[in-house]
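Descriptive analysis of the structure
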Amino acid sequence: MDAHISLPPLTTKYAVTELQRQEYATNGHVLLKSILAGNEVSAYRAAINETAHRFNNEKRKMAERDTYGKAFLQIMNLWEMDETVRNFTLARRFAGIAASLMGVENVRLYHDQALYKEPGGGPTPWHQDQYYWPLDTTQTITMWMPMVDIGVDMGMLTFASGSHSEGAVGNSAISDESEAALDKLVKDRNYPVTRATTMKAGDATFHAGWTLHCAPENASPTMREVMTVIFFADGAKVTESKNRHQENDRNRWLSGYAPGRVADSKLNPALL
């Protein structure tokens, strides 16, 4: 779309404080306020929405879906589909925050994804993102940004603080099984379960790849519009796939790179 020429460039730096870096290191997640200003949200939201809805393949009624399908509408790599979204996903501002929180010099893109929880959409079970990622580093991070103001009743992201320190704690994808097993683990290990009460459009949480997280159902009449971007430390290598999901990711998001190769494909640009 031609309008991207006049879009806010998102190149100015967001100042991450030492306290925020310490919070991320300790808890495996941190909430940062006003990463985008109101005019920046409005400038990108329309393109993200239009692209997400255009490429959404979920046509089933809610009652016909499994737990994963009820949790959210998931549309990945919007940056490949629309130039405006590309400017959003590859924004130096977001990459700079990710690098600062992880304490690395540069980050690469893994992929983006719109995660829209419909009115009446079900809960998102406990899971770890990095279960899906065939990368040899723990320096991975997800930005989770609502494009509308949200509250707990809309499906607020919820974390088991400190759980990232254990690495992989299960071997199941997002499902009823992961919910049961990981909910028990969270309780048995007394992880503090924390979430924001509200988030403004343009706020964002950042969480580590091994941080356990979930979200309640969307009990509101409003679509929970969330855009996410996943980053990893530059220099990470592709690993042998431990499950079919990692093999799918290796072929799609890492351009089919062989295990042992540096993850620097054209789909994984360095961002700083």
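My aim in this report is to walk through the structure given alongside it, one point at a time. Keep in mind it's a predicted model, so treat the numbers as computed, not measured.

**Some details on the nonpolar core**
With 45 residues, the main nonpolar core has Phe88, Phe94, Phe206 and Phe231 as its most contacted residues. When residues of this core are assigned to their parent elements, the largest contribution, 7 residues, is made by helix H5 (residues 92-102). Counting 15 residues, the second largest nonpolar core, distinct from the first, contains Tyr131, Leu135, Ile174 and Phe232.

**A closer look at empty space enclosed by the protein**
Using the criterion set out here, one finds 1 cavity of 30 Å³ or more in the structure. Reported here for the largest cavity is a volume of approximately 50 Å³.

**Some details on the pattern of salt bridges**
The final tally for this structure, using the stated rule, is 12 salt bridges. A salt bridge links Asp203 to Lys33; its shortest N-O distance comes to 3.8 Å. With Asp203 in the loop between strand E9 (198-199) and strand E10 (204-208) and Lys33 in the loop between strand E1 (29-32) and helix H2 (38-54), the pair connects residues that are 170 residues apart, well separated along the chain. A residue is classified by how much of its surface remains accessible, and Asp203, at 2% relative accessible area, is buried. Among the ionic pairs, Glu50 bridges to Arg54, the shortest N-O distance being 2.8 Å. Within this pair, Glu50 and its partner Arg54 are both found in helix H2, separated by 4 residues, close to a single helical turn.

Basis of the calculations
- Residues numbered from 1 in each chain as written.
- Predicted model: local features only at pLDDT ≥ 70, side-chain atom pairs only at ≥ 80, totals over all residues.
- Heavy atoms only, no water.
- Core = buried A, V, L, I, M, F, W, Y, C linked by side-chain atoms within 4.5 Å.
- Buried < 20%, exposed > 50% of the residue type's maximum accessible area, 1.4 Å probe, protein only.
- Helix = DSSP H or I, 4+ residues; strand = E, 2+ residues; numbered from the N terminus.
- 1 Å grid on protein atoms, 1.4 Å probe; cavity = no way out; pocket = protein on both sides within 12 Å on 5 of 7 lines; lining within 4 Å.
- Points joined across faces, edges and corners; volume = space filled by probe spheres on them.
- Salt bridge = Lys/Arg side-chain N within 4 Å of Asp/Glu carboxyl O.

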